[in-house]
Every structure is written in structure tokens, then in C-alpha cells.
Amino acid sequence: MEKKKTSAKTLLLAALVLLGLLGAFLLGTRLAPRQAKGDGRLRYAAGRILCIGDSLTTGACFSGDLGGANTEQRYAYYLGRMLDAEVSVAAEIGFSPSDWYERFADALDYADYDTVVVWFGTNSGPADTLAEDVLPFADPADYAPTQTGYYCRIIEKIRAQNPDCLILLLNVFASKDEVETVNRGIAAIAAHYGLPVADMSDLGAPAHPELHAGSEQNPHFGKTGNIVIASRICDALDAWFAADPARCEYGVRPLQAGN
């Protein structure tokens, strides 16, 4: 009888340990990047990166007494550390694609970069209206004056200056518009131009307050969230390159004389 009791206790303890391990595994993988496929090495093909967007890209943070101030520890900062890359930011709080185009489109030299990350994460975004707003027109200047039209103008502007540039789109978890509509619009634009998309659609504050400096309402991120975003960008790049390693052959520059 005593042996049976001991055996039952042993089985119970083993079951609890297994449940604990399973719980830890699920917790650890809940935010795992959805597109990670390669072994992590090919992501280093991206070396001179420009991040464009709104307050999620400027690094606005509401942790402690920051009150929405832009911070150094934004996702671009961690992206630079993870890839040992040069990362620049051209973003503004509250900007949608149309605002960004009017402010920044002609102010940047896209030949300075090999990779551009596009994320208008909380403001107005493109709708699934590519067929009406863009496709009927040969000249980007004739695209409809909608967020879809301006989103595509941004891509066309980058490619006109730097056809060799890789453009990575990020979808959204929040928007002034309907999130699913915006994400369908981003997916349609990505398919049209043959661009990769990094999935950020599950990173909302209600589900993951730990990423938003503890808030269940504020869409802006703390350090933890920005680290997760940068990690997902890295994994999206790795997946894109791993699918066809020849995609790494971009942005190659000859050495200057004397180097």
C-alpha cells in the first residue's frame, strides 16, 4: 500500500513538472516571431536601414514620468544592436502615410540606405483599395489622394531613387481605421510590389500589457516591446532571405580608393 501511495505521488509530481514545463514553453513561444525560418545568419544582409513611420517609430513612451516623450530605446535602436547595422529614423508622432509623404518624401536621399522599414502603426493606414487608387495609373503623381495612394507613392519614391533597396512593410495591431482593412491593404500592396511583411498584428496592449510598459490601453511600447519588435523585424528579414538566398545580393557597394 505504501509503495502504491509513493508511486501515485511520484506520478503526480511528474505530471505537475510536465505541466509547468509546458506552461513555460507556451509562455515563451506566445510571442515567438511567426516568420522565423532561417538559421539567423542571412538577416545580416541588411546593413544601412531607414525606419519610417509614426510615434511607434519615434519611440514615444509613456512609462513612468516620460509622458509620451521620444526615447533612445526605440525599436530602431535595438534593431541596430541586433544586426550591428546603421539604422536611421524618419518619423513623426501622429503621422499617416499622407503626412509622411508631404513632410519627408523629398527630404531624404534613399540611395544612402539598402533597407527601408515602413510602419504606420497607430494612425490612418492604407485600405484594400489598390485596384481603384493605384493600379489604373502609370504615374504615381496620379494616384488617388488616399492613404493607399500615398503609401504606394512612398514605395515608388524610394524605388525611383534606389531600385536596389529592400522595403519591408510592417502590418498593424491598432489604427484610426479598421485594423483588418488596413492589414488587407498592406498585404495587397506587398503582393503588388513583391515585398516582405513582418507581422505585428498580435502585439496590442490589451493582450500584451507587458510590451506596453504595463498599460492595457496605451498602444505605445516600453523597452520590452521595442525589443520584441526589433526581433520580429530581424526574423522577417531572415525568413525573406532564407526563402531565396539570392535576395541577399543587394546594396553592395565597391570600396573607395585607398580602403
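Residues numbered from 1 in each chain as written. Predicted model: local features only at pLDDT ≥ 70, side-chain atom pairs only at ≥ 80, totals over all residues. Heavy atoms only, no water.

### Some details on the packing of helix α4 (residues 97-104) against helix α6 (residues 147-161)
And step 1. With their axes 8 Å apart at the nearest point, α4 and α6 run at an angle of 40° to one another. Viewed along their axes, α4 and α6 adopt a mutual orientation that is oblique. With respect to the hand of their crossing, α4 and α6 are arranged in left-handed fashion. Judged by residue contacts, Pro97, Ser98, Trp100, Tyr101 and Glu102 of α4 engage Gln147, Tyr150, Tyr151, Arg153, Ile154 and Lys157 from α6.
And step 2. When grouped by side-chain class, the residues that make up the contact of α4 with α6 number six nonpolar, two polar and three charged. (Axes fitted to C-alpha atoms, helices over the stretch in contact; angles between N-to-C directions. Helix = DSSP H or I, 4+ residues; strand = E, 2+ residues; numbered from the N terminus. Parallel < 35°, antiparallel > 145°, perpendicular 65-115°, else oblique. Left-handed = near helix turned anticlockwise from the far one by under 90°. Contact = heavy atoms within 4.5 Å. Nonpolar A, V, L, I, M, F, W, Y, C, P; charged D, E, K, R; others polar.)

### Describing helix α3 (residues 75-83)
And step 1. Listing the buried residues of α3 in full gives Tyr75, Ala76, Tyr78, Leu79, Gly80 and Leu83.
And step 2. Against β1 (48-53), α2 (55-58), β4 (86-91), β5 (115-119) and α8 (223-243) lie the buried residues of α3.
And step 3. Downstream of α3 by a residue or two, Asp84 has a phi angle that is positive, lying close to 50°. (Buried < 20%, exposed > 50% of the residue type's maximum accessible area, 1.4 Å probe, protein only.)

### Examining the environment of Tyr75
And step 1. Structurally, the position occupied by Tyr75 is in helix α3.
And step 2. The class of Tyr75 is buried, set by a relative accessible area of 0%.
And step 3. Taking C-alpha positions, Tyr75 is 8.3 Å from Leu56, a pair spaced 19 residues apart along the chain.
And step 4. The residues contacting Tyr75, other than those within four sequence positions of it, are Cys51, Leu56, Thr57, Val117, Trp119, Asn226, Ile229, Ala230 and Ile233.

### A look at the environment of Leu135
And step 1. Of note, Leu135 is situated in the loop between α5 (130-133) and α6.
And step 2. For Leu135, a relative accessible area of 46% puts it in the partly exposed group.
And step 3. As a C-alpha pair, Leu135 and Gly149 span 14 residues in sequence and 9.7 Å in three-dimensional space.
And step 4. Setting aside its immediate chain neighbours within four residues, Leu135 contacts Leu130 and His192.

### Let's talk about the packing of α3 against α8
Working note: a packed helix pair is described by the angle between its axes plus the distance between those axes.
And step 1. At a closest axis distance of 8 Å, the pairing of α3 and α8 adopts a crossing angle of 50°. What the angle tells us is that α3 and α8 run oblique. For the pair α3 and α8, the crossing hand works out as right-handed. For the pair α3 and α8, contact is made by Tyr75, Tyr78, Leu79, Met82 and Leu83 and by Lys223, Asn226, Ile227, Ile229, Ala230, Ser231, Ile233, Cys234 and Leu237, respectively.
And step 2. Of the residues belonging to the contact of α3 with α8, the class tally is eleven nonpolar, two polar and one charged.

### Regarding the pairing of β5
And step 1. Burial analysis of β5 places five of its five residues in the buried class, the great majority of the element.
And step 2. Burial along β5 is two-sided: the face carrying Thr115, Val117 and Trp119 and the face carrying Val116 and Val118 are both buried.
And step 3. Sheet topology note: the β1/β5 ladder contains five bridges and is parallel. Looking at the pairing, Ile52 lines up with Val118 of β5.
And step 4. Pairing analysis gives four bridges linking β5 to strand β6 (residues 166-170), with the strands arranged parallel. Within the sheet, the bridge partner assigned to Val116 lies in β6 and is Ile167. (Pairing = 2+ DSSP bridges.)

### Some points on the nonpolar core
And step 1. One finds Trp100, Trp119, Leu169 and Ile233 to be the most contacted residues of the largest nonpolar core, which totals 64 residues.
And step 2. Listing elements by their share of this core, those giving two or more residues are β1, α3, α4, β5, α6, β6, α7 (179-193) and α8.
And step 3. Of all the elements, α8 adds the most residues to this core, at nine residues.
And step 4. When near neighbours in sequence (up to four residues on either side) are disregarded, Leu169 contacts Val118, Tyr151, Ile155, Ile186, Ile189, Ala190, Leu195, Pro196, Val197 and Ala198. (Core = buried A, V, L, I, M, F, W, Y, C linked by side-chain atoms within 4.5 Å.)

### Examining the sheet that holds β5
And step 1. Read across the open sheet, the five strands follow the order β4-β1-β5-β6-β7; overall the sheet is parallel. Lying at the two open borders of the sheet, with one neighbouring strand each, are β4 and β7 (197-198).
And step 2. With six bridges joining them, β1 and β4 adopt parallel strand pairing. From the neighbouring strand, Arg48 faces β4, where its bridge partner is Glu86.
And step 3. Across the sheet, α6 touches β1, β5 and β6, and the angle it forms with β6 is around 160°.
And step 4. Sheet strands in contact with α8 are β5, β6 and β7, and its direction is about 130° off that of β6.

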